[in-house]
Every structure is written in C-alpha cells, then in structure tokens.
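Residue-level structural notes
Here's the letter readout for the chains.
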Amino acid sequence: MKRFIVVRIVQMFVTLILLSVLIFSLIRISGDPAALLLDESATEKDYQLLRVELGLDEPIIAQYFKFISRAAVGDFGLSTNDRVPVLISIGGALPNTARLALTSLVLALSMAVPLGVISAVKKGSVYDHFARVIAGLGQSVPTFWVGLVLIQIFAVNFRILPSSGMETSAHYILPSATLALFMMSGFARLLRSSMLEVLDSEFIKLARIKGVSESSVVWKHALRNSLMSVLSFGGMYIAILMTGTILVETVFAWPGLGRLAYEGIINQDFPLIQGVVLIGGVIVMLSSLLTDILYAYLDPRIRFSG
Amino acid sequence: MTQPLLKVTDLKTQFRTKWGLVKAVDGVSFHVKHGETFGIVGESGSGKSVTSLSIMRLIPQPAGRIVSGAIELDGLNLLELSEKEMRDYRGGKIGMILQDPLSSLNPLFTIGSQIIEGLRIHTSLKGRSLKERAIDLLRRVHIPSPAMRMKDWPHLLSGGMRQRVVGAISISCEPELLIADEPTTALDATIQLQYLNLLKRIQKETRLSIIFVTHDLGAVAYLCHRAAVMYAGRIVETATVKDLFDKPAHPYTIGLLNSMQKVEKKADHIESIKGQPPNLKNLPIGCSFAPRCDQVKDICKEKYPEETELGADHLVRCWVVKKEAVKIK
Amino acid sequence: MNKLNKLFAALLLLLVTMFVHTPADAEPAGELRVGLTTLYNQTFHPTTASGYRLSYMSPIFDFIITTDKNGEPDPSNSLAHKWEVSEDRLKWTFHIREGVKFHDGTSLTAKDAKFAIDNASSKNNRAGRKSDFNAFVKNVETEGDYTMIINLNKPWQFILYFLSDAIGTQGIVFPKDYVDKHGIDHFMKNPIGSGPYRLKESVARDHITLEAAGAKHWRVDPTYQTITFKLLPESGTRLAALKTGEVDLVQIGVSDVSSVEKDGFRIFKKKNGLLLDLSFLRVGDKTGGVLNDKRVREALIKAIDKNAIVNQILMGNGSTIGTTLPQFSWAVDYSPFPVTEYNPDEAKKLLAEAGLANGFSINIYSFVTRLPETKLINEAIAGYWSAIGVEAKVLEMAYNAFRPVWVKKKEVTGPSAFLMAWPNRTIYSWRGKYFSGNPFSTVNDPELDKMINEVEASSSVADYKKISQRNMKYVLDQSFATGVALADDLFALGKDVPAWNIGRNIQSFRIEFIGSDE
Ligand SMILES: Nc1ncnc2c1ncn2[C@@H]1O[C@H](COP(=O)(O)OP(=O)(O)OP(=O)(O)O)[C@@H](O)[C@H]1O
Ligand code: SF4
Ligand SMILES: [Mg+2]
C-alpha cells in the first residue's frame, strides 16, 4: 500500500511537469497577451515595451524555468489582467466549485443507486426501460440545455427557485441538480451493468441458498460489490465532474474555477491559465489518488494482500 | 415401505431464450431416501444443475420456469410454498454446495460473518453462541485454527479451504437434505479425495441425505448408494450403485462406464461416446440418444422409450432393453 | 376586458408613482439589480484595467470632465467647473470644484486630479490611451488646492474628452493620499471615490453591490439605496433572471427582443451604440495581394447589401452607414457621408477591369466581441462576395486569436478582411488605425500618413473636424474600409425601472442617473 502511494505520487509529479510544459507552450503558441493588452493607438515601440513588462521578451526556456521554480513554492504570479495574485483568485473560486461538485456528487449517487439497482434487479421490465431512458437522456442531452430548461421550469414558470448566483442554499438546487443529472447517468449505467454481473455470480447464489432474503441479497451482498466497481472508476469520474462543473458554472453564473479558467482564456491571462490548469490538475490527481486509496481500503482483497 | 425424504415427480423446467425454448429438465422423476447418498451423473448440459436448482426453487428468473411436476420433501410439495416459506427451507432443511469454491464466497465479508448470516436466519442462536457454533462448524470441516479464520477474508484462503467453508455453511443449520453440485470439479485430485471423505464423514455423523451431482462415475462409486444417469434433460437409468456398475442396461450408461474404464486402464486413447452431445433446443422425436446409439432400432426414432423396471430400484428407458426384458419374462 | 383592466391598473400605478416618487427630494430607497454579461475583473482602480468597467465604476467616482447626454463637456456636472487655455494652446488651467469629499470624508483637491493624469500616463496604465497621454502631456502642476495646470508638448484638441467619462476611466479622480497610504493593491479591492454611490461588496465572478453614499450628491442624487450588478454571462440565464424578477435590467441581444417583449418587458436602446466596420488587412503591403488594387476593394464593398444586413440580421435594431471610424457616427457632428450603394453588377465590372473576372479567394477573420450577430453578418458578406465570383472563406476564431494577426505578429494567409464591432466613441486614433507600420494599422499608404500628421497638428476641435472630414473622404474614396452598420445596444427593463438618459459614453450606461433624469 505504501509503495503504491509513493509510486502514484511520483507519477503525479511527472504528470504535473508534463502538464506544465504542455500548458505553458500551448498558450504561448496560441496567443499573445501583449497583442491583446495593447491599446489601439499603440505604436510598435509600445508593443515591445509591453512584452518586456510581461516578461515575454525572454527566451521561452528561461520563462518556463522562472515560472516553474516559482510555482514550486506556490507562487503563480500576478494575473496580467487585473494584477491580483493568481493564488488568491483560485483560492476564492475553488471552494465554490468544490461545494457545487460535492453536492452534485451526493445527489447523483442518491439518484443513481436506486435507479441502477432496481433496473438491474428488474432487468427487462418496464421499470428497467424507463430507468435506462432516463440514464440515456442524462448523457445525451447537453448539460447546457438541461440547465436552461430547469431554469425555465423552476425559476421562470413556477418561481420557486432562484435561477443563478450562489447566495443561499436554495441557489444550490438547480446547478447541482443539473450536474447531478449528468453524473447520475454514468453512475446508473455502470451500476446497472455491474449489478447484473454481480447478481449472476456464485456468491449471490450462495447467499440465496442460505435463505437470505431477496432485499438483503440485493442491497447488502450485491450492491456493496457493485459500488466497489463504481469506486474503481473514481478517478475518471472526478475528471468528468470537473468538466461538467465548468459547463454548469457558465449557465448558472456560478463563481467557480471553471469560470475563472474561461476568463483566463478570454483575456489571454497566462499566469491565471497556468495557475488554474496546474492547480486543477493537482486537485484532480489528488482526489483520484484519494479515491484509489479509499477503494483499496474498502476492498479487503487489496487491503489484505500481504 | 417408509416414505422417502425427497420425491421428485415428472419435473419439467424450461428456459425461454433468444434462440427458443430450452427444455433443460423434461420429465424427471426420482426419490432420495433418508440417510442415503443419491448420485446424479451425466454429460455437461444434461440438466443436473437445473434439477438441483429446481429443488431449491432458485431457477434464474424470469427466463427460467418450473413448468410442471412435484418436489415433495417429507410429503410436502415445495412447489406449492410461498417464496417466504421456501426461504426457510433454503439453508434450513435443505443445504447446497456449489461447484466453484473460488467465487462462492462474497469477497467483501469475512468468513465468520458469512457463516453466521445463515445461522441467524435459521436458528435462534444469539451473540457468543452464534460465534461458537460457527467456529465449531469450521472445526468440523477440518479448518485449522478456526477461531482465527473467522475474521479472515475469503481471498486469503486456498480453494480447498474455501470449499470447506462453503461445506460448513451448507450444513450449518443441520439440513435433512444436502445437494452437492459437482463440489470437487474445481479442486485438484488429492484435495478432491479429502473433500469426498469429508462429505462421507459428515453424512455418517449426521445421517442426512445427499444428492451428489457429478460427471465422475468413480466418485459415484465411492460415495453413493444409488444413482441416476441423466441424458438430455431426462433420467435414462436409475439403479443402486452396485447394479449400475455390474449390470448397466442403457446403452448410454454402458458407454459412460466403458470410457471410464479406459481411463482407468490408461489406454492410449480415451474413447468417449461417439457423436455430438444433444442439442436441447432441437431434440429428436424418439429416443434422444438415438443419433449416437449403436443399437438403434426403427422404433427408437419414433417414440420416446417407456420406463422398464429391471429389478428392485432399477429403472431404465430403452426400447431394446424393454424388448429383452419382455422376452425374458 | 382583462386587457382593459390591466391598462387601467397600469395607469393608476403610473399616477401613484408620479405623485409618490418625486425625484427631487426623495431619499434613496430600494434596490436596482442589473444583469451584465461580464464584470471584467472587478478591480476598481481606474487605470489598472479596462475602461469597460465604467458600467459599475461611474456611480462610484466623479470625473475631471463629465459629458452631457450628447457627449459634450458639461462643466456643471464636472469636477473641473471651469477651464481656460493659453494662446498657444499648450497650457490648460482647470478649476476644481470645492467641497467635494471622498467617501472617507477627506476632501478632493487638485493634487488628486493631477494624480489621475499621472496614472493615465504611467507605464502601468491598462485602461488604454497611454500613448496619447504620453505623447501630449508634458507635465501636470497644481496651484493651491483647487487649480490644476496641464502643460502639453503640442496642442491637444481632444484633451477635454480624454479627461472625461466619454472614453473610459482615465478621467476618474481618486484619492492620492489613500492610495499612497494603503497601496495600489489595496485600492483595487477597496476603492474610495467621490461619486453618489460607494462600493459595499464585490464578490469575484458573482456580483458587485453599491450603496448610496448619502441622500444628496452634487452631480446626481442617488435614487436607490443599493445597486447590484450581477454577472450573468449566459444569455438564457440572463433572460430567466429578468423574468423571475431576480434582476431589473439586463443587456440583451437582437434575437432576444421578441421573446422579451412578449413577456411584457420594455426594450431600451442605446441608439447606435456599436459601429460595425469592415477593414481589409495589409493594404499596400506585399501580402495585400489583389487588395492593393483599389478597384478590387471598391468591388468588394459595392457587393455588400448593407440594408439587408440591418433589416434581416439586426432585425431593424440599427441603421446603415457610409463611414468607417466610430467618431464619425457619434458625439462629434460631422456632415454625413452617403452609404455606399449596393451594386453587384458594377462590382463585377470593376473586378473584370482589374483582370479578375474569374474571381479570387479571400479570408474573412470572424470573431465575436460585443455583437453575437457578427458571425451571421460575416457569413452574409461571404455570400455577397461569392455572388460576384469571389471565393470567401470565413475563418471562425476567438478574438484573442485574431489580435496577433491584426497587430502583425502573425502573417495573413492571403487577401483578408475582418469585421469589428466598435463601441461608438467620440474620438478614434487616426494614427492607430491607418498610419503605416503601426501595430493596428490596416493600411500602408504614404499619402494617408501625411494626412494623419496634418490632422494631429490641428490646433482646435473645429480644425480637427475639418481635416478629419477630408481624411475620411480619402479613406472612403480609396475604399480602404467601410462602415457596414450601426447597431443599437439593447436592454430589457423590468417593470419598475424608468427609462433614463443613457448618454454617449463607451460602456458607461450612466446607471447612477436612473430615476433622477430631468
Ligand atoms: N439460465 C439459463 N438460461 C438458459 N438456459 C439455461 C440456463 N441455465 C441452464 N440452461 C440450459 O439448461 C441446460 C442444462 O444445464 P445444466 O446447467 O443443468 O447442465 P449440467 O448438467 O449441470 O451441466 P454441467 O455438468 O456443465 O454443470 C443447458 O443446455 C443449459 O444451456
Ligand atoms: S432406445 Fe434405442 S436409441 Fe435409445 S438407447 Fe435404447 S436402443 Fe439406443
Ligand atoms: Mg452443472
């Protein structure tokens, strides 16, 4: 286990370095913040001065080493757009994203578990078809559109929920429902297929042979095993969750990391983009490491593998 | 004449599949006496497991269905019980051991909790005595340091050990009938023998009845009092083990015995019964063995053979045998 | 019946509000919530970021010069209530209004006004126009507490506009002592101004809340107790928030008009807020190719049906135009230039004369800044051009990807054009857009360079206008560029929001004037 964690952390560092090189060079290939910040009456000399000021005149390798050595001690510099330290902007946005992501995750699981389990147990029934249609919808209908439809129904037509922003807990309902719907589909499908597999296994037969009631067979013996296989895809789901959050943040004007990244790109704010991507990367990797550790801890086959 | 413990009459179990109706068990009748070990032998796909699961009423739903027949335990037809009443029989009066020891235990629960789970359902034991009973069961199936094993996870045990645990679970609530569906196929030879001995001892100690399902005629000879030979969802011959080996009547039984002896004599080539195993979706009208039978007559292809009684407890379904029996009489 | 009832109720309500709501001496009350497409970066220092932040900064601050609703300097509303200029037009003396206080109670004086101009000239100016300040301003002096003197290197006709709310945030006066004491970084987040409202709260990427700084203000009395600017980037969400009453006033697009009107909201326009202007890239350069032939440029312009664009794409929310450069359609009144006629036959003839009867291919760099319909218009233009045999390829991209091409840091791949939606404004730098070799210049023409030097040497606004007029005629005769249309900035108003004078400033909607207009 210790070895596993150490290996993973080393892998994480390598990935981060690669990610930093990638993002650093990609944004420099694709854009020029000096061109964007330059005002329209500027002369060629103004342009050159601005490049010096932004540190873009140095050789790209030197720029990179400057950036990475500062980033290593947590200094991502000032945003070129508003001169606010990147870390402060991220610190403000991250908790909002985390709260949204967590509520959605809980919501998604609490919808997906009954949906996936019952549709596996009642395979081929009307309920199963219904549940699969719902799950299919959640994945094929664009999240963007789902968000707008929910706003139309609950905020505009019924006036029972706010449409955007994040002042009160009521503000969480629509965005997290939207994101949860998107996540739920994947969970429900995975859960259904792994439940089908588990329900067909010998140990489920043994439980039935022992006279264990059907509900206990399903909710205790089978579900626990199926949840493990959902958890084993944890890392992937965290990445999906992050992507979903970015979309949902735009629709619901949610002041999170996704919007921050979007602004960074629109403004060609190199330090901000670099910071968001790297810190976002660290978070995704750390949380997927954590789910892997959790998985290993919960599954005795890994925990007690000597 | 005392009543048998289990009496199965004209059992028919079918599966609806994409490819059509599969008559997995098609009119099977047999009985198991108190304290008797009854073997069921047959090729793969002949319907042995479906017969066993039908007795447990655990045919996979909704594809499978017991179409007709009766399964009487001590005179009570199990097919007429409600699902809830049937649950008391499963793991209670009827125990069962499945074929695959590697995957029969739930990987996320300890050995102990999986034994105790059944005890909780079927006995009135509580707390410490539950645990003591479980440890005692492990001891009875020869698990070393049983108290420590209680807290172990299934994956830490060898295949043989796991099969013993499954055995312990199956007898945990003192069943009257134990169904062992090929309990040793997945184990290697020495462990197979140990396990058979274990079953034999348990049977002696508890005087329960066992249905022993197998491919292996040798195991039948070693363990059983009587046995039935299944072919294509039907029983073609039932006899005491002695009669079965000394006076096999059905051409299929004879074929089985021949191929077994060839194995034992270590012949250069194993001669199994020629021809393809039957296709249950498309059985011939007459005797299902006809396409492979070397004694086949015209009538065999037209009518399914009636049952012929060759002696006490010796039943066989074959036109040729019937003719000869009539001649002798 | 129902309709009649509604009408009656509305009339009654109107009457009641007329009596109850007497703007003259009402206390600030209630809340105004405004939904904006972007809050920019929510820093409040006038020159550390874009001037587009005026939408929420103009209520917090006062300007050295404030323009009236027609865009002309209005001393009665300005911090500089009086000004004089020397004979040689190199020395400007501004008399600063006495008794104006910042929100922390300290007095606003001439040194704060000087501080504003020093900031605009500093290398850290990100609000724009730094080059102009550097080119014209020699130094700034103060005389006593209420007199500021600006010495120029050369006459600057538009000095008053550059110190005003007409072009951005550079004319905002903010407290020097406070900034010196707490630092720029502190001021960016905790600004203090002298305007009718002060900052109450700013939550990054969510909202900005202002509150009335007092019941009275020399420029305009605050109507509302609080004004909240909510960030609503997605147009569907923005409209939903209006319909639910979560906001009272939102920016909308042309395509939203009918749905908003159907729901009973009023549409309010900043008439001609945007100028859509089509320029060719690298005219006069080697890479200009066929575009270096005047007949080709003329043909391309003549092929465009501007009327159809205004009526069918902008759905009538705008008008056609002949000139390019925003200043010609905005505050300064130039005599109008005729709209170029739509004449595809003539266009074909011109191409044939240029030896291009079989056409050629051209790229249209297409990006969206302020007007979502830009994309559709670009496609329409591509269609018009292919009708005269020119194969036009629309290159969709983000604005920030186009900028390096525009400033000549990335080469064009052949003859190219682009459509830009400019916020309409009083002044636009001739030099920036047309002087050979400048980063943003689209033309390389020694004749025009000479003319630009002349317009810059003009000594008065009147002079400037005259020479500008001549220059514009030249630009249009040469078909260097053409204005395609003027588009209105559109707003939807919630039921309680009165219409107000939105002014003619870039990006400032004069929101502090809502409810208190004459
Ligand atoms: N769930 C099911 N669905 C469809 N057909 C089934 C199902 N279970 C069993 N069958 C069919 O029933 C027939 C009998 O199967 P069964 O498992 O009883 O054979 P078996 O004699 O136990 O063979 P083996 O020795 O391989 O265990 C087979 O043809 C099989 O295809
Ligand atoms: S009935 Fe005929 S075919 Fe069938 S086993 Fe007997 S002899 Fe062979
Ligand atoms: Mg079987």
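Residues numbered from 1 in each chain as written. Chains lettered and ligands numbered in written order. Predicted model: local features only at pLDDT ≥ 70, side-chain atom pairs only at ≥ 80, totals over all residues. Heavy atoms only, no water.

**Digging into helix H10 (residues 294-302) of chain C**
All names here are of chain C. Of all 9 residues that make up H10, 7 are buried, and the element is covered over most of its length. Those residues of H10 that fall on the buried side of the exposure criterion are Val296, Arg297, Glu298, Ala299, Leu300, Ile301 and Lys302. Buried residues in H10 make contact with strand E12 (266-280), helix H12 (344-353), strand E14 (361-366), helix H13 (374-387) and strand E17 (481-493). (Buried < 20%, exposed > 50% of the residue type's maximum accessible area, 1.4 Å probe, protein only. Helix = DSSP H or I, 4+ residues; strand = E, 2+ residues; numbered from the N terminus. Contact = heavy atoms within 4.5 Å.)

**Digging into the interface of chain A and chain C**
At the junction of the two partners, chain A supplies 50 residues and chain C supplies 47 residues. Together chain A and chain C conceal approximately 3900 Å² of surface at their shared face, both sides included; 50% is due to carbon and sulfur atoms. Of all residues in chain A, the largest losses of buried area upon contact with chain C belong to Glu40, Ser41 and Arg83 of chain A, amounting jointly to 19% of the total for that side. For the interface between chain A and chain C, the tally reads 2 salt bridges. One salt bridge in this structure joins Glu44 of chain A and Lys409 of chain C, with 2.7 Å as the shortest N-O distance. Our enumeration of links across chain A and chain C arrives at 10 residue pairs in polar contact (both at pLDDT 80 or more). Elements that contribute at least two residues to the side of chain A that touches chain C include exactly helix H1 (2-30), helix H2 (33-37), helix H3 (44-53), helix H5 (86-121), helix H7 (143-157), helix H11 (234-251) and helix H12 (257-266) of chain A. Among the elements that line the side of chain A that touches chain C, the one with the most residues is H3 of chain A, at 6 residues. Of the residues contributing to the side of chain A that touches chain C, the split by class is 25 nonpolar, 13 polar and 12 charged. (Buried area = accessible area lost by both parts, 1.4 Å probe. Salt bridge = Lys/Arg side-chain N within 4 Å of Asp/Glu carboxyl O. Polar contact = N/O pair within 3.5 Å; in protein donor to acceptor, adjacent residues only side chain to side chain. Nonpolar A, V, L, I, M, F, W, Y, C, P; charged D, E, K, R; others polar.)

**Regarding the site of ligand 2**
In the neighbourhood of ligand 2, the contacting residues comprise His250, Pro251, Cys287, Phe289, Ala290, Cys293, Gln295, Cys300, Pro305, Cys318, Trp319 and Val320 of chain B. Partitioned by chemical class, the residues of the shell around ligand 2 number 10 nonpolar, 2 polar and no charged. (Near = heavy atom within 4 Å.)

**Looking at the site of ligand 1**
All names here are of chain B. The environment of ligand 1 is formed by 15 residues, the closest being Ser44, Gly45, Lys48, Ser49 and Val50. Within the side chain of Lys48, an N or O atom sits 2.9 Å from an oxygen atom of ligand 1. Ser49 is positioned with one of its side-chain polar atoms (N or O) 2.7 Å from an oxygen atom of ligand 1. Contributing elements (two or more residues each) for the shell around ligand 1: strand E1 (6-17) and helix H1 (48-56). In terms of residue count, H1 provides more of the shell around ligand 1 than any other element does, 3 residues in total. Class assignment of the residues belonging to the shell around ligand 1 gives a composition of 5 nonpolar, 7 polar and 3 charged.

**Notes on the side chain of Thr184 of chain B**
Residues and elements named next belong to chain B. Relative to the helices and strands, Thr184 is located in the loop between strand E7 (177-181) and helix H7 (189-206). The exposure class of Thr184 is buried, given its relative accessible area of 9%. Those residues within four positions of Thr184 in sequence are excluded, and the remaining contacts are Gln192, Tyr195 and Leu196.

**Things to note about H7 of chain B**
The end-to-end C-alpha distance of H7 of chain B is 26 Å, a good match for the 26 Å that 18 residues give at a rise of 1.5 Å each. Just past H7 of chain B, the residue Arg207 of chain B takes up positive phi, approximately 55 degrees. (Expected span 1.5 Å × (residues − 1).)

**Structural notes on the side chain of Asp206 of chain C**
Relative to the assigned elements, Asp206 of chain C resides in the loop between strand E8 (197-203) and strand E9 (207-212). No salt bridge is formed by the buried Asp206 of chain C; the nearest opposite charge belongs to Lys230 of chain C, separated by 5.6 Å. In this view, Asp206 of chain C contacts Gly165, Met166, Glu167, Ala253 and Pro255 of chain A together with Leu39, Gln42, Phe229, Lys230 and Leu231 of chain C; residues no more than four positions away in its chain are not counted. (Lys, Arg positive; Asp, Glu negative; His and termini not counted.)

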